[in-house]
Amino acid sequence: MYIHADNTAEFRQKIVYQFEEDFKGQIVGLGRAGKMPSGFEIDSHPKVQAAKNGAELTDVTSEVTEEANGYTVRVYNPGQEGDTVEVELTWNLKNLLFLYDDIAELNWQPLTDSSGTIGKFEFHVRGDKGAEKLFFHTGQLFREGTVEKSNLAYTIRLDDLPPKRGVELHAYWPRTVFASARDQGLKGNRLEEFNKVEDSIVKEKEQSKQLVTWVFPSILSISLLLSICFYFIYRRKTTPSVKYAKNHRLYEPPMELEPMVLSEAVYSTSLEEVSPLVKGAGKFTFDQLIQATLLDVIDRGNVSIISEGDAVGLRLVKEDGLSSFEKDCLNLAFSGKKEETLSNLFADYKVSDSLYRRAKVSDEKRIQAKGRQLKSSFEEVLNQMQEGVRNRVTFWGLPDYYRSLTGGEKALQVGMGVLTILPLFIGFGLFLYSLDVYGYLYFLLPILGFLGLILAVFYYWKLRLDNRDGVLNEAGAEVYYLWTSFENMLREIARLDQAELESIVVWNRLLVYATLFGYADKVSHLMKVHQIKVENPDINLYVAYGWHSMFYHSSAQMSQYASVANTASTYSVSSGSGSSGGGFSGGGGGGSIGAF
């Protein structure tokens, strides 16, 4: 741009497009919106030139449209993907500068919008006399261009200006340089106010950058550290005072309890909480509880294993010594019969996803009714079994091994949650805001947000059962330690030496509890390799023929049936169907770059 002494200017734009798709032409605009000097005018007939792939075009067709806030030039110059097009426009401007008593001020935004990123932005300001000072603003963007002065000219350079962003020129000359220009009636001096505006822009941008790069990250970091401190305080308050060795091993069960009773009393895991209908959490899975209970009643002689050819089944021998919940469990597994093959256990609930696969809208009510009937029946049996388990806990006179959380402990949990959720949302939110508003990639913010997410997941995983079950009291901690020591032995049983193996007496009970804890394959394999026999011939057959996996899959069928019934109960067939802002000095004008 060249500014003359009579306050007119020649503004020449050269835009280089590199197209990644076919196009019909280019669009260039120049505006007069906002705060502009009195009498500012844009010549409505700019000179338009164009070149494509280095060859100048002689038959360029263009159309100038006057709009409320300026002019838009459409250059009809079609092309293909990969073309490089240069468009050059020359505009004549009048009364571009504000003329005060002491200075002539340039406060202009030559560009307020672009449809894509501008890879290299370069602007030259020349005149009959050079400006005393010239500032280049990119709005709220933290990235600034470079301004170089050479004799009477200023050159501004900026790389990678994001889309839909504006730039502004703010400069001043001594008023005497434009003595021949028509007076605009602006009285008073402006230089002091000019300097104040520039100082405020620098201060505002510096404050914004400090907030994004230092203040907020510091607050979020402190928040995460406090949440970790709260977690350790919470753990200290909820952990029993007596400390127990972590790697201790116990070679026989600490107590003779039925698997479901052990789960309820010592691990506070009930059938209702791990039911396949609710996908709950606990120490044991529903399948482990069922399988261990079946093996327990086999070991006690109430049920025997029958084998005819390849078919393996179970037969109820006697009910003497069975608790009510064990009778209910066998009734559930045998469907009211006295014996059943393993492959046909839980036959009353047998259902597959073929019930609703490829179903029609007209089948919805039938499918839902079947699902609700199976689900309701299963829930009723499960509630009855769980009531029997609780009665059995009372029968054994087992104390309550858990206590409820205190108000202070609950408050610590809330504090942990708040202090991790805030960095999670603020970290990611502020990162996106900084990128959108300031064009600034500051990766510490999403890192802090990600740490908040990790801590939130960690706290949830660690504390979810505390809220449901409470925490161990002193008596519970001792019993829990003994069973943990027994579990340690089961986990490491394959590495035990001969003397340690010989110290194990009750291998049959060991196998029952190993099934509950998920180590049945290890114990069964060890018994087979060392040819360890027990008094119960059914257990010996179970080990000799490696029926563990067969028992596991048959007992797991109930979970599959319940899951299908749960889905069917709610089954439904789907049916298809630019202006001044922060970081600018308030200049008007406007300009746009795009293509069509």
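- Named according to an unreviewed UniProt entry, the protein is Threonine dehydratase originating from Streptococcus mitis.

### Let's talk about the overall build of the protein
Then, in step 1: When helices and strands are counted, the protein shows 13 helices and 23 strands.
Then, in step 2: Against the 2.2 N^0.38 benchmark of 25 Å for 596 residues, the protein shows a C-alpha radius of gyration of 40 Å, more extended than a compact globule.
Then, in step 3: Taken over the C-alpha atoms alone, the protein extends approximately 120 × 60 × 45 Å along its principal axes.
Then, in step 4: Taking all 596 residues of the protein together, 49% fall into the buried category.
Then, in step 5: Roughly 30,000 Å² of accessible area belongs to the protein as shown, and the carbon and sulfur atoms make up 52% of that amount.
Then, in step 6: Each charge sign in the protein was given a centre, from 62 positive and 74 negative side chains, and these centres are 1 Å apart.

### Let's talk about the packing of helix α5 (residues 364-395) against helix α13 (residues 548-569)
Then, in step 1: Closest axis-to-axis distance for the α5/α13 pair is 7 Å, and the angle between their directions is 135°. Between α5 and α13, the angle falls in the class oblique. Crossing handedness for the pair α5 and α13: left-handed. In this structure, α5 contributes Ile367, Gln368, Gly371, Arg372, Leu374, Lys375 and Phe378 to the contact, and α13 contributes Met558, Ala562, Ala565, Asn566, Ala568 and Ser569.
Then, in step 2: Residues belonging to the contact of α5 with α13 are distributed by class as follows: seven nonpolar, four polar and two charged.

### So, the sheet that holds strand β18 (residues 303-308)
Then, in step 1: Read across the sheet, three strands follow the order β18-β19-β20 without closing on themselves; strand pairing throughout is antiparallel. Two strands bound the open sheet, and with one partner strand each, they are β18 and β20 (339-341). Neighbour-to-neighbour, the strand axes of this sheet turn through a mean angle of 25°, independent of strand direction.
Then, in step 2: Here strand β19 (residues 311-316) runs beside β20; their pairing, made up of three bridges, is antiparallel.

### What to know about the UniProt feature "domain: Predicted membrane protein YciQ-like C-terminal" (unreviewed entry) in the protein
Then, in step 1: Per the UniProt record, "domain: Predicted membrane protein YciQ-like C-terminal" (unreviewed entry) is found at residues 251-525.
Then, in step 2: The span residues 251-525 shows a helical share of 59% and a strand share of 7%, and its end C-alpha atoms are spaced 17 Å apart.

### Thoughts on the UniProt feature "domain: DUF2207" (unreviewed entry) in the protein
Then, in step 1: When the UniProt feature table is mapped onto this chain, "domain: DUF2207" (unreviewed entry) is found at residues 1-173.
Then, in step 2: Counting secondary structure, residues 1-173 comes out at 0% helix and 65% strand; the distance between its end C-alpha atoms is 15 Å.

### Section: the side chain of Asn77
Then, in step 1: Structurally, Asn77 is set in strand β8 (residues 70-79).
Then, in step 2: Among the residues examined, Asn77 registers a relative accessible area of 5% and is labelled buried.
Then, in step 3: In this structure the side chain of Asn77 is engaged in a polar contact, spanning 3.5 Å, whose partner is the side chain of Gln26.
Then, in step 4: Discounting chain neighbours no more than four positions away, the residues touching Asn77 are Phe23, Lys24, Gly25, Gln26, Lys52, Leu57 and Val85.

### Some remarks on the packing of aromatic side chains
Then, in step 1: By the definition in use, this model includes 31 aromatic pairs.
Then, in step 2: Taking the centre distance of 5.4 Å and the plane angle of 25° together, the rings of Tyr231 and Tyr459 count as stacked. Here Tyr459 lies in helix α7 (residues 444-469) and Tyr231 lies in helix α1 (residues 191-238), a separation of 228 residues in the sequence.
Then, in step 3: Taken together, the aromatic side chains of Tyr267, Phe284, Tyr480, Trp483, Phe486, Tyr513 and Phe517 make up a single cluster linked through ring pairs.
Then, in step 4: The residue whose ring lies beneath Lys35 is Phe98, and the NZ or CZ to ring-centre distance is 5.5 Å.
Then, in step 5: The ring of Trp461 is capped by Arg464, whose NZ or CZ atom sits 3.7 Å from the centre of that ring.

### A few points about the packing of helix α3 (residues 286-299) against helix α10 (residues 507-517)
Then, in step 1: The N-to-C vectors of α3 and α10 enclose an angle of 170°; their axes lie 7 Å apart at closest approach. In this view, α3 runs roughly antiparallel relative to α10, as classed from their interaxial angle. By crossing handedness, the relation of α3 to α10 is classed as right-handed. Residues Gln288, Leu289, Gln291, Ala292, Leu295, Asp296 and Asp299 of α3 touch α10, and the partners they reach there are Asn508, Arg509, Leu511, Val512, Thr515, Leu516 and Phe517.
Then, in step 2: Per-class residue counts for the contact of α3 with α10 are seven nonpolar, four polar and three charged.

### Looking at the environment of Ile493
Then, in step 1: Position of Ile493 relative to the elements: it lies in the loop between α8 (474-491) and α9 (498-502).
Then, in step 2: Sequence separation of Ile493 and Thr515 is 22 residues, and the distance between their C-alpha atoms is 14 Å.
Then, in step 3: Apart from residues no more than four positions distant in its own chain, Ile493 is found in contact with Leu501, Ile504, Trp507, Leu510, Lys522, Val523 and Leu526.

The rules behind the values
- Along each chain, the written sequence defines residue order, and numbers are assigned to residues from 1.
- Only residues with pLDDT of at least 70 are given local features in this predicted model, and only at 80 or more are side-chain atom pairs given and counted; all residues enter the totals for whole chains, interfaces and linings.
- The side-chain values count all of the structure's non-hydrogen atoms but skip hydrogen atoms and water molecules.
- For helices the rule is a DSSP run of H or I covering at least 4 residues; for strands it is a run of E covering at least 2, with both sets numbered from the N terminus onward.
- Between the two quantities, the radius of gyration covers C-alpha atoms and the globule rule is 2.2 Å times the number of residues to the power 0.38.
- Whether a residue is buried, partly exposed or exposed follows from its accessible area with a 1.4 Å probe, protein chains only, as a fraction of its type maximum: under 20%, in between, or over 50%, in that order.
- Methods summary: accessible areas were calculated by the Shrake-Rupley approach with a probe of 1.4 Å, and residue burial reflects only the protein chains presented.
- Asp and Glu count as negative and Lys and Arg as positive, but His and the ends of the chain are not part of the count.
- Where a charge lies is defined by one atom per residue type, namely NZ (Lys), CZ (Arg), CG (Asp) and CD (Glu).
- For every element, the axis is a line fit to its C-alpha atoms; helices are fit only across the contacting stretch, and the angle between N-to-C directions ranges from 0 to 180 degrees.
- Every angle not falling under 35 degrees, over 145, or within 65 to 115 is termed oblique; those three ranges are roughly parallel, roughly antiparallel and roughly perpendicular.
- Should the near helix be turned anticlockwise from the far one by less than a right angle, the crossing is termed left-handed; should it be turned clockwise, right-handed.
- Residues count as neighbours in contact if any of their non-hydrogen atoms are within 4.5 Å of one another.
- Put simply, Ala, Val, Leu, Ile, Met, Phe, Trp, Tyr, Cys and Pro go in the nonpolar bin, Asp, Glu, Lys and Arg in the charged bin, and everything else, Gly too, in the polar bin.
- The rule for pairing is simple: two strands pair if DSSP sees at least two bridges between them.
- UniProt positions are given in the numbering used here, feature names are shortened, and annotations may be inferred rather than shown by experiment.
- N or O atoms within 3.5 Å of each other form a polar contact, as long as, within protein, one can give a hydrogen and the other can take it, and as long as residues adjacent in sequence are counted only when both atoms are side-chain atoms.
- A pair of Phe, Tyr and Trp rings is counted when the ring centres sit within 6.5 Å of each other, with Trp represented by its six-membered ring. The angle between the planes then sorts it: under 30 degrees is stacked, over 60 is edge-to-face, the rest tilted.
- A ring has a charge above it when a Lys NZ or an Arg CZ is no more than 6 Å from the ring centre and no more than 35 degrees off the ring normal.

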